[in-house]
Amino acid sequence: MKKIGLLSMSLWALWSCSTSEKNVDGVKLSGKVRQPIAGEVIKIEKLGTTELEVVSTIELDGEGEFVIGVTVDQPSFYRINFYDRQYLNLILTGEEAEVKLEVDGDRPQGFSQVSGSTDTQLLTEIDELANKTQSDIQMLNTEAVEARARGDVNALQDITQQYYYIQQKNLNALKKKLIDSAPSLAALYGLNSIDINNEFAFVDSLATKFENSIPHNPHVISLMQRVEALRKLAIGSPAPEIALPNPNGEVLSLSSLKGNYVLVDFWAAWCRPCRMENPNVVRMYNEYKDRNFEILGVSLDKTKEAWLKAIADDGLTWKHISDLRYFQSEAAREYQINAIPATYLIGPDGNIVAKNLRGASLEAKLKEIFG
């Protein structure tokens, strides 16, 4: 589900009796639009796993108020679209007596309040935790820029330590909130702020909690399918075999390098971020190549000429393979690669140790392994 920024929600005074007492079928939504726009439409949209469906439209009375019923057969994500300007996100389970809303309606960051939906409140709290991490990291980034400008190495080291501490602290708080919130769909939404690759064990346990509670919900089915697809690529799992031609046309397999730490590096000559990262990878290779460390470059290039030229130009002296089939490469499909650069670090036992290491994270991991 595409993440849509949520606005703060809280309780407020009830609507007038003439509005809130209107009988409707389904979950009753009652509300007030402070800044209605004549001639434009307010839509209630249901967010599926791959689509956005308009389930109803809202008509306002002369005071900008409305009451409408929404049929809810199972917990679902909804969005109220005010004139394509302001959006209000809800989770409805079908058990709500009445959900009350108030919004400006005429601008993206306009005022909004919601009451009567426990799951929507959980969704807001989860979003606030995720936003806190972004805010804390942004503050540290500002401090890092200032320290770098001063040439203050000690301050940069302190900021780096704070970064990892705050990141882990906030991640732990978010994970606890998701576990406590499940099986509310709010917890599933919160997974948008979790690195599913590096936190697979946590995501797997959360998915199990959903499967035990609401297994037939389409969002849960989608989550379980994703988890199962990633299970074979989880940290600790055996690395799938790769066997492709090297530049000389000889087939080289990943398993032939067993006994070493192997960085499987998915890259391409046409990939600018890959080429920018190559000097760092060269530096790491030169430092650890005599200490049981290998790199297997898996190119997603389309032509052999471009592939070989990039190897020579960037001084990539490690092992290389490719079937020159772009993202349709057998290896790319096996490792579910949809963007590069992408890396997998494989241990001497052939199991996955880490994913998507580059830059400082690659250096730190290799230093941790080799000392």
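Residues numbered from 1 in each chain as written. Predicted model: local features only at pLDDT ≥ 70, side-chain atom pairs only at ≥ 80, totals over all residues. Heavy atoms only, no water.

**Regarding the environment of A147**
In this fold, A147 is placed in helix α2 (residues 118-150). Overall, the relative accessible area of 1% leaves A147 in the buried class. Remark: the alpha-carbon pair of A147 and A130, spanning 17 residues in sequence, is separated by 26 Å. (Helix = DSSP H or I, 4+ residues; strand = E, 2+ residues; numbered from the N terminus. Buried < 20%, exposed > 50% of the residue type's maximum accessible area, 1.4 Å probe, protein only.)

**Some words on the layout of surface pockets**
Unoccupied space between atoms shows up once a probe the size of one water molecule is rolled over them. In this structure, the largest pocket spans a volume of roughly 910 Å³. In terms of lining residues, the largest pocket is bounded by 26 residues, among which Y163, Q167, L171, D195 and N198 are the most central. Taken together, the elements giving at least two residues each to the lining of the largest pocket come down to α2, α3 (153-181), β15 (352-355) and α10 (360-370). Considered class by class, the residues forming the lining of the largest pocket number 12 nonpolar, nine polar and five charged. (1 Å grid on protein atoms, 1.4 Å probe; cavity = no way out; pocket = protein on both sides within 12 Å on 5 of 7 lines; lining within 4 Å. Points joined across faces, edges and corners; volume = space filled by probe spheres on them. Nonpolar A, V, L, I, M, F, W, Y, C, P; charged D, E, K, R; others polar.)

**Comments concerning the state of the cysteines**
Enumeration according to the criterion identifies one disulfide in this entry. Between the sulfur atoms of C271 and its disulfide mate C274 the distance is 2.3 Å. Between C271 and C274, the disulfide has an S-S torsion of 75 degrees and is therefore right-handed. For the pair C271 and C274, one class covers both residues: buried. (Disulfide = S-S within 2.5 Å.)

**A word on empty space enclosed by the protein**
Tallied over the entire structure, the rule returns two cavities of 30 Å³ or more. There is about 50 Å³ of room inside the second largest cavity. Surrounding the second largest cavity, L263, D265, C274, E277, N278, V281, P341, T343, L357, R358 and L362 form its lining. The greatest single-element share of the lining of the second largest cavity, amounting to four residues, is contributed by helix α7 (residues 272-288). Along the lines of polarity and charge, the residues of the lining of the second largest cavity split into six nonpolar, two polar and three charged.

**As for the pattern of salt bridges**
Note that side chains of opposite charge can pair when their charged atoms are close. Applying the stated criterion across every chain, the model contains 19 salt bridges. Across the salt bridge formed by K176 and D180, the nearest N and O atoms sit 2.8 Å from each other. Taken together, the positions of K176 and D180, both in helix α3 and four residues apart, correspond to about one turn of that helix. In this structure K176 comes out as exposed when scored by relative accessible area, which is 55%. One salt bridge connects R231 with D204, and the closest N-O pair in it is separated by 2.8 Å. With a gap of 27 residues between them, R231 in helix α6 (residues 218-231) and D204 in helix α5 (residues 200-213) connect regions that are remote in the sequence. (Salt bridge = Lys/Arg side-chain N within 4 Å of Asp/Glu carboxyl O.)

**Digging into the nonpolar core**
One broad trend across soluble globular proteins is that nonpolar side chains are buried collectively. Among the nonpolar cores identified, the biggest contains 48 residues, and I242, F266 and I337 are the most heavily contacted of them. Elements supplying a minimum of two residues to this core: β11 (261-267), α7, β12 (293-299), α8 (304-314), α9 (330-334), β14 (342-346), β15 and α10. A total of six residues in this core trace back to one element, the largest contributor, which is α7. Of all hydrophobic cores here, the second largest spans 30 residues; its members include L123, F210, M224 and V227. (Core = buried A, V, L, I, M, F, W, Y, C linked by side-chain atoms within 4.5 Å.)

**What to know about the sheet that holds strand β7 (residues 98-103)**
One open sheet accounts for four strands, arranged β4-β1-β7-β8; its pairing is mixed. Every interior strand has two partners, whereas the edge strands, β4 (65-70) and β8 (112-115), have only one. The average undirected angle you get between the axes of adjacent strands in this sheet is 15 degrees. Pairing of strand β1 (residues 27-33) with β7 involves six bridges; the strand directions are parallel. Within the sheet, the bridge partner assigned to S30 lies in β7 and is K100. (Pairing = 2+ DSSP bridges. Axes fitted to C-alpha atoms, helices over the stretch in contact; angles between N-to-C directions.)

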